[in-house]
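Structural features, examined
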Amino acid sequence: MKITKELLLSVAKNCRLELTPEEQEEFLPQLQEIITFFEKIEELPATTISIHPKPIVNEWRDDVVAPSLSQEDALKNVKFSSRGFIRGPKTQ
Amino acid sequence: MTPHKTPTIREHIEALRNKSTTPEETIASFTEEAKTISKRYHYITTFCNETTTKGILTGLPVTVKDCLCVRGVETKASSAILEGYKPVFNATSVQRVLDKGATITGKTAQDEFGYGGFAVNTGIGFEIPTNPHDESRVCGGSSGGSAGITSATTKPHFSIAESTGGSIVTPASYCGVVGLCPTYGRVSRYGLLDYANSLDKIGPITKTVEDAAFALEILSGRDEKDPTSSHENVPSYTKALGKSVKGMRIGIIAPEGTDESILNNVHDTKELLEELGATTTTIELPLTDSYAIPTYYLLALTETSTNLAKYCGLRYGYQEVPTDSYNEYFTHIRSTRFGKEAKRRLLLGTFARMAGYRNAYYMKALQARTHILNEYAQTFGKVDCILSPTMPILAPTFNELSKITPLQNYLMDKLTVGPNLAGLPHMTLPTGWKGSLPIGLMLTAHHFQEEKLITLAHAIERALP
């Protein structure tokens, strides 16, 4: 798989990173080398997937109200808030 | 720094019982010494003094890797993006030692979010910890601060560390101490700043095998707050100490390309085990050997790229006045606060799960993990434990490390990623020296067979000169 500069910038945009020209120059050949190495797993025959090292069955708890994070605690690490809400950047 | 005798947890408990020291004295003397050590070696990022109750661990100083939440204590996983974050709850592993009376005395240095095997990828503005036996060399990562302070202190202590691909055993081997990474799910991950959810494990770094057994017994157990924590019964790990290894079947792995002094140490340890009555046989894990590194990195980086999505300058950590559009704000915060290795891994992980690439990379890696799990399952039908080097090389100098590419750096994890990918318990202990540098060997067992590791490691530890 050829990693082009356009693909690198598209990936960066998807994960909300703005790469400097120096970072682009540094990362491009490194990512190419690493991804080519990753492609080694194509040699393995198809089989079932293992999401966890041991199979884990869904764990449900009873649907009852239980204590959770209070509004006060949820805001303890928030620097910018307004009337009990977190103030975020504009969405439009 | 020369190796020294440190009181074990059991000796600390006896000292308190005999009233030869007080809890206040042990905590104060540890903290004073740790501050001096840390000023030089940079093992502890934040000092604290958190205790909630009395119990068997009263007066015992415990340090905690910076990726684990301690209520009210700045917790950053060595990342500038989490600057100022003070959790409002304790990680379950932290709560368990607090419930036994221990005092949390500090947060330990690590690679940013655990991204490295040498503790040189600390985040922007963080010091790099150095090896306690040779300051020109790395202390190993990512739990480098935990291993370093455990090695350097002369006081009773243990550290709660975390491993995704080898981050407990690698630094423990480079610092000449014991590291025990349990089975996936053995210890609750609640309150951990995740690296990769299907790979993260929490375990102790200690001075002795006895301390490791003691600490694991406290840390282990089912936790409703972590649905991936196991219902499996927690045995008394300390009862596995002092048992005979007669008849145990040990598979030996001594890979080509490993430093000669380490291979000689594997050979000497193999002979030691035979003298103790174990049977040894050379084994190979061809699939793990060839495919564990690409499989591990694809899964770890894919998972971590989703975990990093929550760090965007809102709710906690570093924040600026949110005036721009959300995309510009999030991009600005992430681009200026994530370190270089975090960006590299974020890019790789995002790529591997993007539409058009997901099946060829991420989904294929999930299949590769099945092949590797099957290979280990077959192997553990023939042997009880695997003995191998922990790392293929002795602790490198910072200069040596600066000359290798990121891929060459990832390849150094050759021996540790297999057990981590398969969620198998593994343990390193110091088994020799080359000059001033410790050599660590690794024991690996099948799922939930930590007792075998402890029995074997304790027998080796006691038999060594």
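Structure: above.
This is a predicted model, so every value here is computed, not measured. (Residues numbered from 1 in each chain as written. Chains lettered and ligands numbered in written order. Predicted model: local features only at pLDDT ≥ 70, side-chain atom pairs only at ≥ 80, totals over all residues. Heavy atoms only, no water.)

Time to look at the packing of aromatic side chains. Under the counting rule described, the total for this entry stands at 15 aromatic pairs over all chains. Directly above the aromatic system of B:Phe47 lies the positively charged group of B:Lys35, at a separation of 5.5 Å from the ring centroid. (Phe/Tyr/Trp six-rings, centres within 6.5 Å; stacked < 30°, edge-to-face > 60°. Lys NZ or Arg CZ within 6 Å of the ring centre and 35° of its normal.)

Moving on to the side chain of B:Asp413. All names here are of chain B. Structurally, Asp 413 can be placed in the loop between α13 (406-411) and α14 (417-421). Among buried Asp, Glu, Lys and Arg side chains, Asp 413 stands out as unpaired, with Arg 345 the closest opposite charge at 5.8 Å. Those residues in contact with Asp 413 that sit more than four places away from it in its chain are Ile 293 and Tyr 297. (Helix = DSSP H or I, 4+ residues; strand = E, 2+ residues; numbered from the N terminus. Buried < 20%, exposed > 50% of the residue type's maximum accessible area, 1.4 Å probe, protein only. Lys, Arg positive; Asp, Glu negative; His and termini not counted. Salt bridge = Lys/Arg side-chain N within 4 Å of Asp/Glu carboxyl O. Contact = heavy atoms within 4.5 Å.)

Glancing now at helix α6 (residues 209-219) of chain B. Residue and element names in this part refer to chain B. Within α6, 10 of the 11 residues are buried, which leaves the element mostly enclosed by the surrounding structure. Every buried residue belonging to α6 is among Val 209, Glu 210, Asp 211, Ala 212, Ala 213, Phe 214, Ala 215, Leu 216, Ile 218 and Leu 219, and all of these are buried. Count one or two residues on from α6 and you reach Gly 221, which has phi positive near 135 degrees.

Right, let's talk about the interface of chain B and chain A for a bit. When the parts come together, some accessible area is lost, and that loss is often what is quoted as the size of the interface. Chain B puts 67 residues into the contact, and the matching count from chain A is 54 residues. The contact between chain B and chain A buries some 5,600 Å² in all, and 70% of this surface belongs to carbon and sulfur atoms. For chain B, the biggest contributors to the area lost against chain A are B:Tyr291, B:Leu347 and B:Leu407; these three give 12% of the whole. The partner of B:Lys340 in a salt bridge is A:Glu26, and the shortest N-O contact between them spans 3.0 Å. Where chain B touches chain A, the interface holds 24 residue pairs in polar contact (both at pLDDT 80 or more). Looking at the side of chain B that touches chain A, the elements that each hand over two or more residues are α8 (286-307), α9 (326-337), α10 (340-352), α11 (359-379) and α13 of chain B. The leading source of residues in the side of chain B that touches chain A is α11(B), at 11 residues. (Buried area = accessible area lost by both parts, 1.4 Å probe. Polar contact = N/O pair within 3.5 Å; in protein donor to acceptor, adjacent residues only side chain to side chain.)

Paired through backbone hydrogen bonds, the strands of a sheet run either parallel or antiparallel to each other. All names here are of chain B. On the basis of which strands lie adjacent, the open sheet formed by 11 strands has the order β1-β3-β2-β6-β8-β7-β12-β13-β11-β9-β10 and mixed pairing. A strand with exactly one partner marks an edge of an open sheet, and here the two such strands are β1 (44-50) and β10 (279-282). Here the average twist between neighbouring strands, direction ignored, is 25 degrees. Bridge analysis of strand β9 (residues 249-252) against β10 gives four bridges, and the strand direction is parallel. Of the residues in β10, the one forming a bridge with Ile 250 is Thr 280. Contacting β9, β10, β11 (385-389), β12 (426-434) and β13 (437-445), helix α7 (residues 260-275) runs over the sheet at an angle of about 55 degrees to β13. Sitting on the sheet, helix α15 (residues 450-463) touches β7 (178-181), β9, β11, β12 and β13, and the angle it makes with β12 is about 15 degrees. (Pairing = 2+ DSSP bridges. Axes fitted to C-alpha atoms, helices over the stretch in contact; angles between N-to-C directions.)

We now examine the environment of B:Ala292. Residues and elements named next belong to chain B. In this structure, Ala 292 sits in helix α8. By relative accessible area, Ala 292 is classed as buried at 0%. Here the alpha-carbon distance between Ala 292 and Glu 14, two residues 278 residues apart in the chain, equals 45 Å. Not counting chain neighbours up to four residues away, the residues in contact with Ala 292 comprise Leu 287, Ile 372, Val 417, Gly 418 and Leu 421.

All names here are of chain B. Counting buried residues in β11 gives five out of five residues, a clear majority hidden from the surface. Of the strand pairs in this sheet, β9 and β11 are connected by three bridges, and their pairing is parallel. Across the sheet, the residue bridging to Gly 251 is Ile 386, located in β11. Sheet topology note: the β11/β13 ladder contains five bridges and is antiparallel. Along β13, the bridge assignment pairs Pro 389 with Leu 441.

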